[in-house]
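# Tertiary structure, described
Next come the chains, spelled out residue by residue.
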Amino acid sequence: MRGRSAAAAILSLALTCAVHAAESTGARDYLRLAPAIERIARLHAQAGQDVMGVKSRRALAEAMRDFDSARRVAVAAAPGQEARDEYVLLALLWQDYREWLQRPPSRETGRRLRDRTEEMAWVASKGVRLVSEASRGGVPSLALRASQAALASQRIAKVYLWRRWDIRDDALERELREARENLPRALQAIAATPDPDPELAAQVQSALTQWGFLSDAIAQLDKAPADKRALEFACKAADHIYEAMVRVIESSTLR
C-alpha cells in the first residue's frame, strides 16, 4: 500500500510539473505573438527600403518561421475554448498576412499590411488577456510588461519606416505617440522589480541603454525623416530591446 501511495504521489507531482511546464511554454509563446507580428511588419519595411537589406530579408524569413511555430503552440496550449478560438482566428488571419509577406516588399504591400498588422496585433493581445483570465496563476506581470515593451519598440521603428513609404494616418500617429510613452515606462517598471536575478537585471539595463540610442535616432528622424543612417540605428536599437525583452519573458515565465 505504501508503495502504491508513493507511486501515486510521484505520478501526481510529475503531472503537476508537466502542466506547469506546458503553461510556462504556452505563456512564452502567447506573450511573444503581438510583438512578433509588429517586428515582422518592421522587417518587411526594412527589406523593402533596403535598410540593412540582406540582413533584413534573412531576419524576416526567420521571424515568419518563429511566428508560425509560436502560434501553433498557442492554439494547442490555449486554456479554454474562448482563448483557443482567438488563436484559431489569429491562425486564419496569418494565412492571408503571410501571402502578402511572400510578395516583393514595396510601398504597395506595406499599405496592404497596415490594417492587417493592427488587426493581428489586437487579436494576439486579446488572446493574452483571455489566457490570463483562464489560467490558474494568470500571466506573470513581469513577463506581461516585457511583452508590452517589446511590442512598443517594434511599433516605433515600424512607424518611422512606414512614414518613408508615406503610410500615415491619425491612428498610426497615436500608436507612435503611445509607444514612445509606454516603452520607457514599461522598462522602468521592470527595472524596479525587487531583488531581480543578475541575468534579468543585465537584460533590463541593456534595454534601457538601447532605449537611449533609439530616442536619439528618432529625434534625428523627426528632424530629417529621410536620414537612412538614423533609421538604421533606430531599427538596430529596437531589435536589441526586443531580444532583451524576449529573454525577460522566458526567464520570468520559468519561475
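Structure report, in brief. (Residues numbered from 1 in each chain as written. Predicted model: local features only at pLDDT ≥ 70, side-chain atom pairs only at ≥ 80, totals over all residues. Heavy atoms only, no water.)

Considering only enclosed or pocket space, the largest pocket measures out at about 640 Å³ in volume. Along the wall of the largest pocket there are 26 residues; nearest its centre are Ser-125, Gln-148, Leu-151, Arg-155 and Asn-182. Going through the elements one at a time, α1 (2-48), α4 (107-134), α5 (141-164) and α6 (170-191) are the ones with two or more residues in the lining of the largest pocket. The biggest single contributor to the lining of the largest pocket is α6, with nine residues. Estimated volume of the second largest pocket: approximately 420 Å³. Lining the second largest pocket are 24 residues, with Arg-39, Leu-43, Ala-59, Asp-239 and Glu-243 positioned closest to its centre. Of all the secondary-structure elements, those providing two or more residues to the lining of the second largest pocket are α1, α2 (53-77) and α8 (228-253). At nine residues, the largest contribution of residues to the lining of the second largest pocket is made by α2. (1 Å grid on protein atoms, 1.4 Å probe; cavity = no way out; pocket = protein on both sides within 12 Å on 5 of 7 lines; lining within 4 Å. Points joined across faces, edges and corners; volume = space filled by probe spheres on them. Helix = DSSP H or I, 4+ residues; strand = E, 2+ residues; numbered from the N terminus.)

Applying the stated criterion across every chain, the model contains 21 salt bridges. The closest approach of N and O atoms between Arg-42 and Asp-239, which form a salt bridge, is 2.6 Å. One end of the pair, Arg-42, is in helix α1; the other, Asp-239, is in helix α8, with 197 residues separating them in the sequence. Of the residues examined, Arg-42 reaches a relative accessible area of 1% and is grouped as buried. Note that Arg-114 and Asp-169 form a salt bridge whose closest N and O atoms lie 2.8 Å from each other. Residue Arg-114 is located in helix α4, and its partner Asp-169 is located in the loop between α5 and α6; the two are separated by 55 residues in the primary sequence. In the salt-bridge network here, residues are joined through shared partners; they are Glu-38, Arg-155, Lys-158 and Glu-175. (Salt bridge = Lys/Arg side-chain N within 4 Å of Asp/Glu carboxyl O. Buried < 20%, exposed > 50% of the residue type's maximum accessible area, 1.4 Å probe, protein only.)

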